[in-house]
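This is what each chain is made of:
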Number of protein chains: 2
Amino acid sequence: VETPTYLGALQAFAPMEPEVAGVAGDDQGIDLADLARRRGEARFLYVLPNFQNPTGRTMGEARRQALVQTARELALPLLEDNPYGDLWFDTPPPLPLSARYPEGSIYLGSFSKVLAPGLRLGYMVAPPAIAPKLLQAKQAADLHSPTFNQRVVAEVLRDGFLARHVPTIRSLYKAQRDAMLEALAREMRGLDVSWNVPAGGMFLWARLPAGMDAAALLPQAVERGVAFVPGAAFYADGADARTLRLSFVTATREQIATGIAALAATLRENLQP
Amino acid sequence: VETPTYLGALQAFAPMEPEVAGVAGDDQGIDLADLARRRGEARFLYVLPNFQNPTGRTMGEARRQALVQTARELALPLLEDNPYGDLWFDTPPPLPLSARYPEGSIYLGSFSKVLAPGLRLGYMVAPPAIAPKLLQAKQAADLHSPTFNQRVVAEVLRDGFLARHVPTIRSLYKAQRDAMLEALAREMRGLDVSWNVPAGGMFLWARLPAGMDAAALLPQAVERGVAFVPGAAFYADGADARTLRLSFVTATREQIATGIAALAATLRENLQP
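**Brief notes about the sheet that holds strand β10 (residues 243-247) of chain B**
Residues and elements named next belong to chain B.
Phase 1 of the analysis: The 4 strands are arranged β7-β8-β10-β9 in an open sheet whose pairing can be described as antiparallel. This sheet does not close on itself; its edge strands, each paired only once, are β7 (194-195) and β9 (229-230).
Phase 2 of the analysis: Pairing between β9 and β10: 2 bridges, direction antiparallel. Residue pairing across strands places V229 opposite R245, the latter belonging to β10.

Here you go:
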């Protein structure tokens, strides 16, 4: 898995009792030198190239080409998770990894972020050789996804609703990301806090001043009326306790401004005098 | 597990790579002497006491009392699956095992057989000590069941629809069971075929003449227009190849008559001369 990676994936893998290995990463995800060094250690690589959960980061074109080349050389299957890919703000992300390496990739899509999470529907694109096995595993797990929900979504797709709806979400989330970036620049001045600028999706990744622990600060922040997800839970190993995930999609611009101010106040309170 | 037991449960357990042990059984399910003899072999017992899938059999009051007593003595947790319990024909089945041994039982209920399988909704009753762990496992598996479907079912329940609908299903399925029993008595005359008389549910269990293999006969039966599920798949071990499961719920009385006649013709064709 990437470092950090999606917590829900780690939880989904857990019942199989895997040994999860975190590959070193940077602002685009997978560090290819580290991946190549650990040849033979993994059965597959789980990767979320677009507006990743938790970091919001995106893998660029060159990194995608190089990752696919490395994966081919290592005969390493890729599990590409793409729930956020449609939520780009200015330009669509580069082609999926699966489109470049279809014989070695499983692609996961979702209706949760573009339509409704309460429907619990997604889809998978897999090589013909393993699709029947995946179908069998799905059947063993839950027989099938609700046919009622599948029909509802099929009607929504046929109607063209998503083509009209997704651009609305994009511009809404972009405005909210901008509000968060403005608030961070304003409120964190003078504090040793860093953050990235996600080009889409729902999340922004921040890092607190040296010596601070996001999990330890959370209760104080909640007391001031703002919550975040401490970053540590997203690491398969070697967690960075200074990191945290901020979401800009369910709060209004005003709430974002208030929340970031409350977070900054929490940090100031905890600074060494 | 019981012998035989629900195939879908075996498939659901399979990814955990358990060693599945089949306990000997009779027309009421679990053979308690065999269960006691195998003390310490199992982490839990999966049991379907009402109108079981695949056999349609039901555990009587005395057997339930004795099973719960044995389970207590062995400190053996019970996983009680009850999707068919509301589908009784003349009298409701005895109290669930979980009602007698709540501290050692997990009870599973379902809306699939009384409302709609396409909603994929059920429920669980578990001791307070393990409920949080089960919730965690559910969250790891799929985050949650679709909230949309949960709201739909909540509305249907509030409206009292089930109280009106379930009696309709009961009398429909009872008439269809009777049609199947009549057809069997008529068509299987002179053949060494045996079957049970389910007191509810959807299934009837039959056993073919010595030397016959239900799985081998299936293609011929399908050619004559009737399908069944060969019993062998429902055994964790030591399958009885002569057994088969017949469903009487999705076919009309006329189709049932035609289907049983076609099955009898298939058997006659395969009798040793």
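**Quick look at the packing of aromatic side chains**
Phase 1 of the analysis: If you walk through the whole model with that rule in mind, you get 15 aromatic pairs over all chains.
Phase 2 of the analysis: Measuring from ring centre to ring centre gives 5.7 Å for A:F148 and B:F148, while their planes differ by 5°; the resulting arrangement is stacked. Placement of the pair is A:F148 in helix α6 (residues 147-158) and B:F148 in helix α6 (residues 147-158), with the two residues belonging to separate chains.
Phase 3 of the analysis: For A:F148, a relative accessible area of 34% translates into the label partly exposed.
Phase 4 of the analysis: Judged by centre distance (5.6 Å) and plane angle (85°), the ring pair of B:F13 and B:Y46 falls under edge-to-face. Of the two residues, B:F13 is situated in helix α1 (residues 7-13) and B:Y46 in strand β3 (residues 45-47); the sequence distance between them amounts to 33 residues.
Phase 5 of the analysis: Owing to a relative accessible area of 19%, B:F13 belongs among the buried residues under this scheme.
Phase 6 of the analysis: Among the aromatic residues, those joined into a ring-pair cluster are A:F13, A:F44 and A:Y46.

**Digging into the pairing of strand β4 (residues 78-81) of chain B**
All names here are of chain B.
Phase 1 of the analysis: Where burial is concerned, the two faces of β4 agree: the one with L78 and E80 and the one with L79 and D81 are both buried.
Phase 2 of the analysis: Where β3 meets β4, 3 bridges bridge the pair, whose relative direction is parallel. Bridged to Y46 within β4 is L79.
Phase 3 of the analysis: Tracing the backbone out of β3, into helix α3 (residues 61-74) and back to the parallel element β4 gives a crossover that is right-handed.

Definitions and limits used
Within any chain, residue numbers begin from 1 and follow the written order of that chain's sequence. Note on labels: chains are lettered from A, ligands numbered from 1, in written order. Two thresholds apply to this predicted model, a pLDDT of at least 70 for residue-level local features and 80 or more for giving and counting side-chain atom pairs, whereas whole-chain, interface and lining totals are computed over all residues. The side-chain values count all of the structure's non-hydrogen atoms but skip hydrogen atoms and water molecules. Paired strands, as defined in this entry, are two strands with at least two bridges between them according to DSSP. Runs of H or I in DSSP of at least four residues are treated as helices and runs of E of at least two as strands, each being numbered from the N terminus. Centres within 6.5 Å are what make two rings of Phe, Tyr or Trp a pair, Trp counting through its six-membered ring; a difference in plane orientation under 30 degrees is then read as stacked, over 60 as edge-to-face, and the rest as tilted. Buried, partly exposed and exposed residues are distinguished by accessible area as a fraction of the type maximum, computed with a 1.4 Å probe on protein chains only: under 20%, between the cut-offs, and over 50%, respectively. With strands facing away from the observer, any crossover in which the path from the first strand over the helix to the second runs clockwise is taken as right-handed.

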